[in-house]
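Tertiary structure, described
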Amino acid sequence: MKKQQSEAEINLFRALEVFMAVSDTRHITLAASALGMTQSAVSQQIKKLEQALNTQLFDRAHRPVELTHAGELLRRRAFRILNEVEDLRSDLRHMQSSSLPILRVSMLASIATTLTTGIHELVHDRLNIPELSLAAGLATDHQIALDARQTDIAITSDPQFDLTDYDCIPILEEPFFLVLPESYDGQTDDMQQIAQRLSFVRFSSDAPVGRRTDQHLQRCRLDLPRSMEADRASMVVAGVNTGKCFAILSPTLLIDAVAEGMNLRIEPLPFAGFKRSILAVHRSGDLGDIPQQLAEESGRLLRLSFEKLLPQVAEQVIYQT
């Protein structure tokens, strides 16, 4: 009996993690992808949790799905429960080892190549942590990973989720630029003329940077024809590299493409500009000074890369570590 009860508690904990992922994304498919599970496995976990609590947690008649009143209540309670469990896990790790056995770091896909080597050296050589686990993705992936306790620190952009239980360490603030094919020989101060010759390639609205760009264009009363959208910076820049498209990107979204030798022309935006911030986000009171050291190293690595590969825009980035 005790063994069965213990197994049930472990399943309930996992079900709460799955529930939080679905409640954050409002999509079974997105939650399944973030958790590394199948869609059917996520649906089964939610179904079992609803049966165990004898209540409906999601209104599936809406797309995306919405939380019921019971679901909202569970979300608030589950967040605190999972935090407590993770705090316990962290305390036990420190008790059992003089150093952290593993550090899990998530980062924006566009800067993963730039940061990986330096972060590896920091973690192994200076922090003496034996194992490093890295994951690259979008800012929305980082939100899910942090809330589900699947990562310790996220190097991310402008987090759009509840930060009550998290600390944020600013790394840098960067402006957006107009990115054109190197062969483009037209005016760069008139968006309508540019749009007549080139198509606008953009991030999809599922990506936070895509939503922010769309919102800024709307504020500036700009309606740009579109021929392509993508959820990774590499694909957006590849569209520009065809010579038929232009984009609006920041230095961290450009660094990989420039390193690969793509032929691009980078100009100031011919309308009111906007910026985004890169930060290190971690759970409050956890990991000591490790997040600060990671943020400082990330800022140093990005500054070096910008000065080497994007000297024309490097001085417009504001470094905060």
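Heads up: the structure comes first, above all this text.
Fair warning: this is a prediction, and the values are worked out from it, not measured in the lab.

1. Quick notes on the overall build of the protein chain
When helices and strands are counted, the protein chain shows 12 helices and 13 strands. What you see for the protein chain is a C-alpha radius of gyration of 22 Å, in line with the 20 Å of a compact globule of 321 residues. Seen through its C-alpha atoms, the protein chain measures out along the principal axes to roughly 75 × 50 × 30 Å. In the protein chain, buried positions account for 49% of the 321 residues. Taking as baseline every contact in the protein chain between residues at least 6 positions apart, the subset at least 24 positions apart corresponds to 76%. Accessible surface for the protein chain amounts to roughly 16000 Å². Of this, 48% is attributable to carbon and sulfur atoms.

2. Things to note about the packing of aromatic side chains
In this structure the tally under the stated criterion is three aromatic pairs. Measuring from centroid to centroid gives 5.5 Å for Phe19 and Phe58, while their planes differ by 50°, and the two rings are tilted. Here Phe19 is found in helix α1 (residues 2–25), whereas its partner Phe58 is found in strand β1 (residues 58–59), with 39 residues between them in sequence. Classification of Phe19 by relative accessible area gives buried; the value is 0%. Judged by relative accessible area, Phe58 falls into the buried class, the value being 2%. Above the plane of the ring of Phe79 lies Arg149, whose end atom (NZ or CZ) is 5.6 Å from the centre.

3. Some thoughts on the sheet that holds strand β12 (residues 275–283)
Ordered by their spatial adjacency, six strands build an open sheet running β4-β3-β5-β12-β6-β13, and the pairing between neighbours is mixed. The open sheet has two edge strands with one neighbour each: β4 (131–137) and β13 (318–319). Two strands pair when backbone bridges link them, and strand β3 (residues 102–108) and strand β5 (residues 153–157) are joined in this way by three bridges, in the parallel orientation. Across the sheet, the residue bridging to Met107 is Ile155, located in β5.

4. Digging into the nonpolar core
Counting 72 residues, the largest nonpolar core has Leu103, Ile155, Phe246, Leu249 and Phe306 as the members making the most contacts within it. Counting residues per element, this core draws most heavily on helix α11 (residues 290–309), which supplies six residues. With near-sequence residues (within four places) excluded, Phe246 lies in contact with Leu178, Val179, Leu180, Met191, Ile194, Ala195, Leu198, Ser199, Phe200, Val201, Leu224 and Val240. Counting residues in hydrophobic clusters, the runner-up holds 30 residues, among them Ala15, Ala32, Ala78 and Ala154.

5. Topic: empty space enclosed by the protein
This structure, assessed with the given rule, holds one cavity of 30 Å³ or more. Of the volumes computed, that of the largest cavity is approximately 70 Å³. What lines the largest cavity is Phe200, Val201, Arg202, Phe203, Val209, Gly210, Thr213, Asp214, Val236, Ala247, Ile248 and Leu249. Split into classes, the residues belonging to the lining of the largest cavity amount to eight nonpolar, two polar and two charged.

6. Concerning the sheet that holds strand β11 (residues 264–267)
Think of a sheet as strands paired side by side through backbone hydrogen bonds, with each pair either parallel or antiparallel. The five strands lie next to each other as β9-β8-β10-β7-β11, forming an open sheet whose pairing is mixed. Both edges of this open sheet fall to β9 (226–230) and β11, since each of them pairs with a single strand only. Ignoring which end each strand starts from, the neighbouring axes of this sheet average 30° apart. Taken together, the four bridges between strand β7 (residues 177–181) and β11 define a ladder with antiparallel strand orientation. From the neighbouring strand, Leu178 faces β11, where its bridge partner is Glu267. Packing against the sheet, helix α8 (residues 208–219) makes contact with β8 (199–203), β9 and β10 (245–249), and its axis sits at approximately 130° to β8. Running at roughly 140° to β10, helix α9 (residues 233–241) makes contact with β7, β8, β9, β10 and β11 of the sheet.

7. Considerations on the packing of helix α5 (residues 112–126) against α11
Where α5 contacts α11, the axes come no closer than 9 Å and their chain directions differ by 145°. As α5 packs across α11, the resulting crossing turns out to be right-handed. When α5 is examined against α11, the residues Thr114, Leu115, Gly118, Ile119, Leu122 and Arg126 are found in contact with a partner set consisting of Gln293, Leu294, Glu297, Ser298, Leu301, Leu302 and Ser305. For the contact of α5 with α11, the residue count by class is six nonpolar, five polar and two charged.

Cut-off values and rules
Residues numbered from 1 in each chain as written. Predicted model: local features only at pLDDT ≥ 70, side-chain atom pairs only at ≥ 80, totals over all residues. Heavy atoms only, no water. Helix = DSSP H or I, 4+ residues; strand = E, 2+ residues; numbered from the N terminus. Rg over C-alpha atoms; globule rule 2.2 N^0.38 Å. Buried < 20%, exposed > 50% of the residue type's maximum accessible area, 1.4 Å probe, protein only. Contact = heavy atoms within 4.5 Å. Areas by Shrake-Rupley, 256 points an atom, 1.4 Å probe, with all protein chains shown as cover. Phe/Tyr/Trp six-rings, centres within 6.5 Å; stacked < 30°, edge-to-face > 60°. Lys NZ or Arg CZ within 6 Å of the ring centre and 35° of its normal. Pairing = 2+ DSSP bridges. Core = buried A, V, L, I, M, F, W, Y, C linked by side-chain atoms within 4.5 Å. 1 Å grid on protein atoms, 1.4 Å probe; cavity = no way out; pocket = protein on both sides within 12 Å on 5 of 7 lines; lining within 4 Å. Points joined across faces, edges and corners; volume = space filled by probe spheres on them. Nonpolar A, V, L, I, M, F, W, Y, C, P; charged D, E, K, R; others polar. Axes fitted to C-alpha atoms, helices over the stretch in contact; angles between N-to-C directions. Left-handed = near helix turned anticlockwise from the far one by under 90°.

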